[in-house]
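An overview of the molecular structure
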Amino acid sequence: MLGSRSETRWLPLESNPDVINKYVNNIGVNTDRYEFVDIYGLDPELLEMVPRPCIAVLLLFPVTKIYQEFRNEQIEKKKSEKVSPNLFYTKQTVQNACGTVALIHALANNKRALNIDMEKAFGKYLKATETMSPEESAEYLRTDDSITNAHQDSAVEGQTEAPNISESVDLHFITFVEKDGDLYELDGGLGHPINHGPCGDDLLVTFSSYFRNLIDLNPDENRFNLIGLVAKND
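Read on for a plain summary of the structure. Just so we're clear, the structure is a prediction, and the values are computed from it rather than from any experiment.

**Overview of the side chain of T31**
Among the secondary structure elements, T31 is positioned in the loop between β1 (29-30) and β2 (34-39). A polar contact of 2.9 Å, which involves the side chain of T31, links it to the side chain of N25. In contact with T31, other than residues within four places in its own chain, are N21, V24, N25 and K232.

Here it is in structure tokens:
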């Protein structure tokens, strides 16, 4: 998971909707309206299984040379695209915090749709960082004990054993959201958002077109995981 050279390091978060839903509830985001669910694949019948609307997608992918080169090309190609002033973006300066940064991007950019207790950890984070730069909000997260502790608690709750905190991890979380009609890729390790153009009526369908390009780079690679933030079906 990407990060800065900061000495601050967290345990990596497992890509597990049960763990993530418990985590966001613990920081004050009630999952009574929207919840995180697995996205099992891009085949039409699998996409149809995902409840709508889907308002964010978390992508866990391997940090390899071929994917980094592809994303660098995307960055160069898209660097002149406009960025909505309504988009929330923060940098990542804590090693292995990409899971939490991805969650922050998903939640903060959909705050009006979610049931957020503004007196709990995430609500306080939103209020404190409202006018901050991406660098300032990253520093705030690094020193936020409430979210740090919630992350660490969630990191040891997954189905797989948590690695040693000093181990290097080659998987990275990023987020895709719609804002003002465009699809944005939000990666705290890049330092700025990427505008992928018009999102259309279905974020998941538009995202899947981009993701297929990523898969086609190396069809034998299977270390991908997708989680959607979707309307809850009672």
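**Points about the pairing of strand β7 (residues 194-198)**
Regular strands place their side chains on alternate faces of the sheet. Counted residue by residue, β7 has four buried out of five residues, so it is predominantly covered. Here three bridges tie strand β6 (residues 182-186) to β7, and the two strands are oriented antiparallel to one another. Bridged to E185 within β7 is I194.

**A few points about the sheet that holds β2**
Spatially, the six strands line up as an open sheet ordered β2-β8-β3-β5-β6-β7, and their pairing is antiparallel. Looking at strand neighbours, the two that pair on one side only are β2 and β7, the edges of this open sheet. Each strand axis lies, on average, 20 degrees off the axis of its neighbour in the sheet, ignoring direction. Across six bridges, the pairing between strand β3 (residues 54-62) and strand β8 (residues 225-231) is antiparallel. Across the sheet, the residue bridging to L60 is N225, located in β8. Along the sheet, helix α1 (residues 17-26) makes contact with β2, β3 and β8, crossing β2 at roughly 160 degrees. The strands that helix α3 (residues 65-78) touches are β3, β5 (171-179), β6 and β7; relative to β7, the one it contacts most, it runs at about 70 degrees.

**With respect to the pairing of β5**
Here β5 lies mainly inside the structure; seven of its nine residues are buried. By the bridge criterion, five bridges tie β5 to β6 in an arrangement that is antiparallel. If you follow E178 over to β6, its bridge partner there is L183. Connecting the antiparallel pair β5 and β6 is a turn made up of two residues, with D180 showing a positive phi of about 50 degrees.

**Here's the deal with the environment of V57**
Mapped onto the elements, V57 comes out in strand β3. Through-space distance from the C-alpha of V57 to that of E178 is 9.9 Å; in sequence the pair is 121 residues apart. Look past the residues within four positions of V57 in its chain and what remains in contact with it is I39, I174, T175, F176, L203, L204, F207, L226 and I227.

**Side note on the side chain of E221**
Take E221: it is sitting in the loop between α8 (203-216) and β8. Within polar-contact distance, the side chain of E221 engages the backbone nitrogen of R223 at 2.9 Å. Discounting residues that sit within four places of it in the chain, E221 has contacts with P62 and Y67.

**Topic: the layout of surface pockets**
Roughly 470 Å³ of volume is contained in the largest pocket. Around the largest pocket sit 20 residues that line it, and P85, N86, L87, F88 and E130 are the ones nearest its centre. Of all the elements in the fold, those that place two or more residues in the lining of the largest pocket are α5 (121-129) and α6 (134-142). Taken together, the residues that form the lining of the largest pocket break down as 10 nonpolar, six polar and four charged.

**Remarks on the pattern of salt bridges**
In this structure the tally under the stated criterion is seven salt bridges. Across the salt bridge formed by K91 and E135, the nearest N and O atoms sit 2.8 Å from each other. Taken together, the residues span a long stretch of sequence, with K91 in the loop between α3 and α4 (98-108) and E135 in helix α6 at a distance of 44 residues. The partner of R142 in a salt bridge is E139, and the shortest N-O contact between them spans 2.7 Å. Separated by three residues within a single helix, R142 and E139 lie in helix α6, roughly one turn from each other. Using a relative accessible area of 30% as the deciding quantity, one classes R142 as partly exposed.

Analysis parameters
Residues numbered from 1 in each chain as written. Predicted model: local features only at pLDDT ≥ 70, side-chain atom pairs only at ≥ 80, totals over all residues. Heavy atoms only, no water. Helix = DSSP H or I, 4+ residues; strand = E, 2+ residues; numbered from the N terminus. Polar contact = N/O pair within 3.5 Å; in protein donor to acceptor, adjacent residues only side chain to side chain. Contact = heavy atoms within 4.5 Å. Buried < 20%, exposed > 50% of the residue type's maximum accessible area, 1.4 Å probe, protein only. Pairing = 2+ DSSP bridges. Axes fitted to C-alpha atoms, helices over the stretch in contact; angles between N-to-C directions. 1 Å grid on protein atoms, 1.4 Å probe; cavity = no way out; pocket = protein on both sides within 12 Å on 5 of 7 lines; lining within 4 Å. Points joined across faces, edges and corners; volume = space filled by probe spheres on them. Nonpolar A, V, L, I, M, F, W, Y, C, P; charged D, E, K, R; others polar. Salt bridge = Lys/Arg side-chain N within 4 Å of Asp/Glu carboxyl O.

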